[in-house]
Each structure stands twice: as C-alpha cells, then as structure tokens.
Number of protein chains: 2
Amino acid sequence: MPTTESASRTVAGLASELGLSVLRLRRRLSLEQHPGNPLSLSQMTVLGTLYRHGEMTLGDLAAHERVQPPSMTRTVGVLGAGGYVRRHQSSTDGRVQLITITERGISTLLADRKRRDAWLTQALIHLTADERSILRAAAPILDRLANDD
Amino acid sequence: MPTTESASRTVAGLASELGLSVLRLRRRLSLEQHPGNPLSLSQMTVLGTLYRHGEMTLGDLAAHERVQPPSMTRTVGVLGAGGYVRRHQSSTDGRVQLITITERGISTLLADRKRRDAWLTQALIHLTADERSILRAAAPILDRLANDD
DNA sequence: TATTGTTATACTCTATAACTATA
DNA sequence: TATAGTTATAGAGTATAACAATA
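What you are looking at is a predicted structure, and each value in this text was computed from that prediction instead of being measured.

Helix-helix packing is characterised by the crossing angle of the two axes and by the distance between the axes. Residues and elements named next belong to chain A. Between helix H4 (residues 58-65) and helix H5 (residues 69-81), the shortest axis-to-axis distance is 9 Å and the interhelical angle comes to 110°. When the interaxial angle is binned, H4 and H5 end up roughly perpendicular. Contacts from Leu58, Leu61, Ala62 and Glu65 in H4 reach Pro69, Met72, Thr73 and Val76 in H5. Here the contact of H4 with H5 is composed, by residue class, of 6 nonpolar, 1 polar and 1 charged.

Positionally, Asn147(A) belongs in helix H8 (residues 129-147). Sequence separation of Asn147(A) and Ala63(A) is 84 residues, and the distance between their C-alpha atoms is 9.7 Å. With sequence-adjacent residues up to four places away left out, Asn147(A) is seen in contact with His64(A), Arg66(A), Arg24(B) and Arg28(B).

Near DNA strand C, the surroundings consist of 24 residues, among which Ser40(A), Gly94(A), Arg27(B), Thr73(B) and Arg87(B) are the closest. Counting only atoms of DNA strand C within 4 Å of the protein, the sugar-phosphate share comes to 67%. Elements supplying a minimum of two residues to the surface near DNA strand C: helix H3 (41-53) and H5 of chain A together with helix H2 (11-32), helix H4 (58-65) and helix H5 (69-81) of chain B. Class assignment for the residues of the surface near DNA strand C results in 7 nonpolar, 11 polar and 6 charged.

Another aspect to go through is the sheet that holds strand E1 (residues 56-57) of chain A. Adjacent strands of a sheet pair through backbone hydrogen bonds, lying either parallel or antiparallel. Residue and element names in this part refer to chain A. Spatially, 3 strands are ordered E1-E3-E2 in an open sheet, and the strand pairing comes out antiparallel. In this open sheet, the two edge strands, each paired with only one partner strand, are E1 and strand E2 (85-89). On top of the sheet, H5 reaches E2 and strand E3 (97-101); it is set at about 115° to E2, its chief contact.

By nearness alone, 24 residues border DNA strand D, and Arg27(A), Thr73(A), Arg87(A), Ser40(B) and Gln68(B) come closest of all. Of all DNA strand D atoms lying within 4 Å of any protein atom, the proportion belonging to sugar or phosphate reaches 68%. The separation between a phosphate oxygen of DNA strand D and a polar main-chain atom of Gly59(A) is 2.8 Å. One of the side-chain nitrogen or oxygen atoms of Ser42(B) is found 3.4 Å away from a phosphate oxygen of DNA strand D. Going through the elements one at a time, helix H2 (11-32), H4 and H5 of chain A together with helix H3 (41-53) and H5 of chain B are the ones with two or more residues in the surface near DNA strand D. Within the surface near DNA strand D, the residues separate by chemical class into 7 nonpolar, 11 polar and 6 charged.

A separate point is the packing of aromatic side chains. All chains considered together, the criterion is met by 0 aromatic pairs over all chains. A cation sits over an aromatic face here: Arg104(B) above Tyr84(B), 5.0 Å from the ring centre.

Another aspect to go through is the sheet that holds strand E2 (residues 85-89) of chain B. Sheet architecture is open: 3 strands sit in the order E1-E3-E2 (chain B), paired in antiparallel fashion. In this open sheet, the two edge strands, each paired with only one partner strand, are strand E1 (56-57) and E2 of chain B.

Moving on, we get to the layout of surface pockets. Roughly 280 Å³ of internal volume is contained in the largest pocket. Taken together, 16 residues line the largest pocket, and the ones lying closest to its centre are Ser42(A), Val67(A), Ser71(A), Thr75(A) and Arg27(B). With 5 residues, the top contributor of residues to the lining of the largest pocket is H5(A). Its residues placed into classes, the lining of the largest pocket shows 5 nonpolar, 6 polar and 5 charged.

Calculation criteria
- Residues numbered from 1 in each chain as written.
- Chains lettered and ligands numbered in written order.
- Predicted model: local features only at pLDDT ≥ 70, side-chain atom pairs only at ≥ 80, totals over all residues.
- Heavy atoms only, no water.
- Axes fitted to C-alpha atoms, helices over the stretch in contact; angles between N-to-C directions.
- Helix = DSSP H or I, 4+ residues; strand = E, 2+ residues; numbered from the N terminus.
- Parallel < 35°, antiparallel > 145°, perpendicular 65-115°, else oblique.
- Contact = heavy atoms within 4.5 Å.
- Nonpolar A, V, L, I, M, F, W, Y, C, P; charged D, E, K, R; others polar.
- Near = heavy atom within 4 Å.
- Pairing = 2+ DSSP bridges.
- Polar contact = N/O pair within 3.5 Å; in protein donor to acceptor, adjacent residues only side chain to side chain.
- Phe/Tyr/Trp six-rings, centres within 6.5 Å; stacked < 30°, edge-to-face > 60°.
- Lys NZ or Arg CZ within 6 Å of the ring centre and 35° of its normal.
- 1 Å grid on protein atoms, 1.4 Å probe; cavity = no way out; pocket = protein on both sides within 12 Å on 5 of 7 lines; lining within 4 Å.
- Points joined across faces, edges and corners; volume = space filled by probe spheres on them.

Laid out in structure tokens, this is it:
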C-alpha cells in the first residue's frame, strides 16, 4: 500500500497526493466554515477578488475565478441582491457590466473571514512553527498553480 | 489592498489565504482533470482510500472522506455499478456493508491518476526544485488539517 | 432502544446551449 | 459578424429527514 510520503517522491506522485489533499481540505473547509456564515466560500472568493482588484467586468471576474460567465452571472446576482456588490453599465460599452464591492460587502468579507477561518486557525495553532512556515510558503505557490496558464 | 504575503503573516491571515488557494486549486483540478476520465475526483478519493486501507465499512468510508452516510451510499452505488468496488454484508453484523476495491478499480485508479495528474505534473515541472520541495512538505500537512479532529 | 445503512428530497455550484443587446 | 452577458436547463456532489433492518 503506497503512502503519501513514498508517492510524493516523484513529480507525478506529488501531483496525485496534492490533488487528494486539496480536495479533502476543501471539502472540510466549506463544511466546517459554514455555520453562521451568510456567504459560501465561492461567494467569498469573489468578494475577495473585488476587494483586491477594485472594479472589474463580469467577464474578467469569471476568468479570474475560473468559472464560466453564466456561473458568475448567478453569483454576482446573489451578491447584488444581498447588497454585497453593486453593478453598473460601462459608459463606453453598453454590453459591459462593471462590478464593485460595497461597504457592506467589505465589512461582511472581513467579518466572515474571521469566523470562517476560526477552525482552520485553530488547526494551524496546533502545528509547529516550522509546519506553519511551510504552509505560508506553499499558499502562494498553490495560488500560482490555480491561476497560471 | 492586502496581498497574499502580507495577510499570511498572522495565523488567521494564513488560514484565510490558504482557504482561498485551496478552493481555487480544487476548482481547477476538477475541471482540468476531467476530460477522458471516467471517474470524478470524489470517486477517485474513495478508490484511493480503499486501495490504501483495504476493506472498510460504508460508515467508516463516509467518516474518512468526511461526508454523510447517504452521500457515501450513492458514491459506492455508482462505483459498484461500474465494477470498481464490491460490497458484501458482514457475517457478524447484518447491518454492516463491507466495501472492497476490485482489480478493475485498482487498475482504473492507477491509470486515472496518471491522466488526471497530467496538467498538475506539467504545472509542477515549471516550478523550481525548491518550490516543489515546499509542496512536497506541505501535502501531508494539508492532509492532516483535512483529517485531524 | 441504538446503530447501520437506504430512500426521498432538495440545495449549491457548476456547466453547455441558445438567446439578447451592443459594437 | 463578433463580443458581453443572460436565460434556460441539466448534472454532480452534497445535505437533512424519515425509514428499514439488525443488534
């Protein structure tokens, strides 16, 4: 029976193990973080992206989040209905919808993050400082893997 | 506007960034790895767990994968219909369903992993050796975060 | 009664295809 | 014609509630 350690010695093995780890952790994150949070993890990433990048078109937002436009239309629709984002047409191109995060979106994002990260923070506290350093170094690499073309 | 680097300096910030990174990478993995693969990432993790642990009850499998029993009933049903796993009642407890991976399940698991990991492997190749080392060290830590209580 | 697993049902996130409005 | 976004529809994966069978 292969173990994480032995399988990770090759690049392909690392890819495989990383995929499984990411899936399981993601599942746990979206379950464990939910109670009491008004927004899903997906919705929060959209708010986070808008918070960082400022005004974006719906298409750019979809591309950044790696979802298809109809999916983003829906997500933005829900966020807009809740008052977390605002949309307005571009003055130079009537087809384009520009999306911005509202004050309410920002405060919700920050508050939600706090609550949402509670258990992961708790879990991280139980790691050694070295292990946290590894994760701190790994996070941006994971992000690049998710976003690079 | 916060950046990944600045936000990660605190434990809570690390938790937040890690959560976002994991979500995005997971989304990309399940999209990019799909074409040509008969099994979903979720189904594969079940096969992987059975491959490692050998015979398991449906309940233990659900607990290990962190899903509710009805979800696992469905997943195992699909895998059983495809001939990837076999189920038989416990001889000592008529309520218990014991699940094992079949030869077909094993060969499919190994073959699927190869194809499924193709793009991630490709992405990993573009990293530096140091970056790969970080991920190699991070994978088991992520797994512990996902599985520890 | 308590436990294991199943059935019935519903929700979230995502996709593709077809469409509208604008360029 | 081509592009930006929407509407309609569907599928995968998950959940909760209620149930059946067994302990």
